[in-house]
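Coordinates in review
This is what each chain is made of:
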Amino acid sequence: MSNHAVANRYAVALFELAQEKGLHESFVSELELIKAVFQDTPELMQFLTHPKTELTQKRELLEKTFKGKVNDTIFNTLVVLVERKRIDLIIPVVQKFKSLSYDAQKIAEAFVYSAKPLSEAEKDQLSVLFAKKVGKAKLLIENIVDPSVIGGLKIRIGDRIYDGSIKGQLDVLHRELVSGPRS
């Protein structure tokens, strides 16, 4: 079985437990915290995946790092992943869980590229407008400042891109000019 399929199974199981307990939002935030810890501390992953490190040492480190700071269900999932030598799948598990949770709540993430930072009011307007277009109840807007956009906005929601940037318009114009007249 591929690592992707295994990560999906763990994520689905964790999602079902979160659903039973009604703890989607807290699980998402706690899993994001765990993801950040693993991304910011590569030594943690090295220690937990090292074949010569005893399982008891790995458990002790998990307890010191996460016990009491995350839900017991999430902590137990981490322990199972370590015991089964699958802790390297924690990032894909978190991403899949987040995707499942957002789908259940009719939420989507939107990455908005702009030349300057957007205000909260502008983010709210974009959320309302584009949530309807993609059939979601709510969009979580992450603003990415990219001076190459020049002006306007470029919005990515899942695999859809809405490009209303000046750079995008210039690129279209350039392609049309290079390809010559249409016959």
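Because the structure is predicted, anything quoted here is derived from the model rather than measured.

Topic: the side chain of Ser 127
Following the sequence through the fold, Ser 127 ends up in helix H7 (residues 120-134). Once residues within four sequence positions are removed from consideration, Ser 127 is found in contact with Lys 138, Leu 139 and Ile 141.

Points about the packing of helix H1 (residues 3-21) against helix H5 (residues 72-83)
For the pair H1 and H5, the least separation of the axes is 11 Å and the interaxial angle reads 160°. Considered as vectors, H1 and H5 are oriented roughly antiparallel to each other. In this structure, H1 meets H5 at a crossing whose hand is right-handed. Contacts between H1 and H5 pair Tyr 10, Leu 14, Leu 17 and Lys 21 from the former with Thr 73, Thr 77, Val 80 and Leu 81 from the latter. Its residues assigned to classes, the contact of H1 with H5 shows 5 nonpolar, 2 polar and 1 charged.

Topic: the nonpolar core
Ile 34, Phe 38, Leu 62, Phe 66, Ile 87, Ile 90 and Phe 97 are the most contacted members of the largest nonpolar core, which totals 34 residues. Listed by contribution, the elements that provide at least two residues to this core are H1, helix H2 (24-40), helix H3 (42-49), helix H4 (55-66), H5 and helix H6 (90-104). Excluding its chain neighbours within four sequence positions, the residues that come into contact with Ile 87 are Phe 38, Met 45, Leu 48, Thr 49, Leu 78, Leu 81 and Val 82. Grouped together as the second largest cluster of nonpolar side chains are 12 residues, Leu 118, Phe 130, Ala 131 and Leu 139 included.

Analysis parameters
- Residues numbered from 1 in each chain as written.
- Predicted model: local features only at pLDDT ≥ 70, side-chain atom pairs only at ≥ 80, totals over all residues.
- Heavy atoms only, no water.
- Helix = DSSP H or I, 4+ residues; strand = E, 2+ residues; numbered from the N terminus.
- Contact = heavy atoms within 4.5 Å.
- Axes fitted to C-alpha atoms, helices over the stretch in contact; angles between N-to-C directions.
- Parallel < 35°, antiparallel > 145°, perpendicular 65-115°, else oblique.
- Left-handed = near helix turned anticlockwise from the far one by under 90°.
- Nonpolar A, V, L, I, M, F, W, Y, C, P; charged D, E, K, R; others polar.
- Core = buried A, V, L, I, M, F, W, Y, C linked by side-chain atoms within 4.5 Å.
- Buried < 20%, exposed > 50% of the residue type's maximum accessible area, 1.4 Å probe, protein only.

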